[in-house]
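# Residue-level structural notes
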Amino acid sequence: MHYVAPSLLAADFRRLDQAIELVNTSEADWFHLDVMDGSFVPNISFGQFIIEQVAQDAKKYLDVHLMIDQPERYIESFARAGATGITVHAEATNHLHRVIQQIKETGCKAGVALNPHTPVSVLENVIEELDLVLIMTVNPGFGGQKFIYNSLQKIRQAYDMIVVRNSPAIIEVDGGIGLQNAQKVLEAGARVLVAGSAVFKAEDPAGVIQQLKGISGNPVGIV
Ligand code: DX5
Ligand code: ZN
């Protein structure tokens with residue numbers, strides 16, 4: 001079974017209550033929340049203040065994706081804001097192992113995200129510690145970009161590492177995901193589909209979520 005995680009970044013923030021309600025009442029599994037600091041990525045989105053308010057109405061898993069430099073400075077405050085899981089970028093910290101422990105100490109699920117240029121091998125010494133590996137399928141910073149096809153190979157590599165090392169981690173994919181490529185990423189080993197534009201820019205967002213949930217595609221063994 002796979003999960004669908006609509007990214008609120010693509011929602012209409014004048015109607016945030018409707019976006020939250022949509023995710024609550026649809027077949028979606030998680031809320032995906034993109035935090036951008038204008039330094040690690042060129043864009044600035046929102047922080048703990050907004051997440052804390054979303055958390056008051058959100059009835060599902062809050063998947064917080066930190067696209068910020070030195071995320072170790074803010075782990076406790078995002079946990080306090082209501083995160084269920086916190087994902088940091090491997091490229092954003094000098095002390096990845098320590099940050100993962102820090103996330104776990106808050107009681108949140110711990111994830112590590114990899115930019116398109118970052119090899120899966122950077123996870124070699126932390127893979128057993130992880131609940132989630134986030135493979136970026138676009139360069140982070142903006143919604144609505146085109147899926148990078150080379151990522152399929154990386155998803156397979158991550159899946160392979162997880163199986164061989166008996167890690168509890170699941171793979172999430174983020175960026176340019178929609179009905180056109182969901183089956184391929186699931187077959188490569190992904191378990192969580194983040195979708196921003198594909199959901200919120202659609203005429204029938206709940207219908208797209210339902211279709212994304214309905215796609216079947218089991219990982220094709222170890223590669
Ligand atoms: C990109 C963010 C994504 C973004 C995905 O940096 O991490 O979560 O919202 O948006 P789409 O699905 O439109 O590519
Ligand atoms: Zn994201």
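Here the structure is a predicted model, which is why all the values come from computation and not from measurement.

Assigned secondary structure in the protein chain consists of eight helices and eight strands. For 223 residues, the compact-globule estimate of 2.2 N^0.38 gives 17 Å, and the C-alpha radius of gyration of the protein chain, at 16 Å, lies within 12% of that figure. On the principal axes, the C-alpha backbone points of the protein chain span a range of 40 × 40 × 30 Å. Within the protein chain, counting contacts between residues at least 6 apart in sequence, those at least 24 apart form 65% of the total. Counting only carbon and sulfur atoms, one obtains 47% of the accessible surface of the protein chain, whose full area is about 10,100 Å².

Now for the coordination of the zinc ion (ligand 2). Surrounding the zinc ion (ligand 2) are the protein donor atoms His32 (NE2), Asp34 (OD), His65 (ND1) and Asp174 (OD), which sit 2.0 to 2.3 Å from the metal. Considering all six donor atoms around the zinc ion (ligand 2), the spread of angles at the metal, 70 to 169°, places the coordination shape in the octahedral class. Each donor residue of the zinc ion (ligand 2) lies on the same chain, and together they follow the pattern H-x1-D-x30-H-x108-D. Here the residue Asp34 occupies a position in strand β2 (residues 30-36), and Asp174 occupies one in strand β7 (residues 170-174), the gap between them amounting to 140 residues.

Turning to the side chain of Asp29, a few remarks are in order. Structurally, Asp29 is set in the loop between α1 (16-25) and β2. Of the polar contacts made by the side chain of Asp29, one reaches the backbone nitrogen of Val4; its length is 2.8 Å. For Asp29, the contacting residues outside a window of four places in its chain are His2, Tyr3, Val4, Lys60, Tyr61 and Lys213.

Burial along strand β8 (residues 192-195) is two-sided: the face carrying Val192 and Val194 and the face carrying Leu193 and Ala195 are both buried. As paired strands, β7 and β8 are joined by two bridges and run parallel to one another. Note that in β8 the partner of Val173 across the bridge is Leu193. On the question of chirality, the crossover connecting β7 to the parallel β8 by way of helix α6 (residues 182-188) is right-handed.

With that out of the way, let us pick up the sheet that holds strand β5 (residues 109-114). As summarised here, the arrangement of the eight strands in space is β1-β8-β7-β6-β5-β4-β3-β2, forming an open sheet in which the pairing is parallel. Only two strands of the sheet have a single neighbouring strand rather than two, namely β1 (3-6) and β2. Between one strand and the next, the sheet's axes are offset by a mean angle of 25°, whatever the strand orientation. In this structure, β2 lies alongside strand β3 (residues 61-67), joined through seven bridges in parallel fashion. Opposite Val35, over in β3, you have Leu66 as the bridge partner.

Next up on the list: the site of ligand 1. Contacts to ligand 1 come from 20 residues, most closely from Asp34, Asp174, Gly176, Gly196 and Ser197. Here His32 contributes a side-chain N or O atom positioned 3.3 Å from an oxygen atom of ligand 1. With respect to ligand 1, the side chain of Asp174 contributes an N or O atom lying 2.7 Å from an oxygen atom. Considering ligand 1 on its own, with 390 Å² of exposed area, one finds that the protein chains cover 99% of that surface. Comparing atom positions with the cavity grids shows ligand 1 to sit within the largest pocket. For the shell around ligand 1, the elements supplying multiple residues, two or more each, are β2, β3 and β8. It is β2 that provides the largest number of residues to the shell around ligand 1, a total of three residues. Split into classes, the residues belonging to the shell around ligand 1 amount to eight nonpolar, 10 polar and two charged.

Using the criterion set out here, one finds five salt bridges in the structure. Between Arg14 and Asp12 there is a salt bridge, and its shortest N-O distance comes to 2.9 Å. Among the residues examined, Arg14 registers a relative accessible area of 68% and is labelled exposed. Classification of Asp12 by relative accessible area gives partly exposed; the value is 34%. Between Arg165 and Glu124 there is a salt bridge whose closest N-O contact spans 2.9 Å. With Arg165 in the loop between α5 (151-164) and β7 and Glu124 in the loop between β5 and β6 (132-136), this residue pair connects regions lying 41 residues apart in the sequence. Taking relative accessible area as the criterion, Glu124 reaches 35% and is therefore assigned partly exposed. Members of the salt-bridge network, linked through shared partners, are Glu124, Glu128 and Arg165.

Definitions and limits used
Residues numbered from 1 in each chain as written. Chains lettered and ligands numbered in written order. Predicted model: local features only at pLDDT ≥ 70, side-chain atom pairs only at ≥ 80, totals over all residues. Heavy atoms only, no water. Helix = DSSP H or I, 4+ residues; strand = E, 2+ residues; numbered from the N terminus. Rg over C-alpha atoms; globule rule 2.2 N^0.38 Å. Contact = heavy atoms within 4.5 Å. Areas by Shrake-Rupley, 256 points an atom, 1.4 Å probe, with all protein chains shown as cover. Donors = N, O, S within 2.8 Å, 3.2 Å for Na, K, Ca; no water. Tetrahedral: all angles 85-135°; square planar, octahedral: opposite > 155°, others 65-115°. Polar contact = N/O pair within 3.5 Å; in protein donor to acceptor, adjacent residues only side chain to side chain. Buried < 20%, exposed > 50% of the residue type's maximum accessible area, 1.4 Å probe, protein only. Pairing = 2+ DSSP bridges. Right-handed = clockwise from strand over helix to strand, strands pointing away. Axes fitted to C-alpha atoms, helices over the stretch in contact; angles between N-to-C directions. Near = heavy atom within 4 Å. 1 Å grid on protein atoms, 1.4 Å probe; cavity = no way out; pocket = protein on both sides within 12 Å on 5 of 7 lines; lining within 4 Å. Sits in = over half its atoms within 2 Å of the grid points. Nonpolar A, V, L, I, M, F, W, Y, C, P; charged D, E, K, R; others polar. Salt bridge = Lys/Arg side-chain N within 4 Å of Asp/Glu carboxyl O.

Everything listed is a geometric property; what it means functionally is a separate question.
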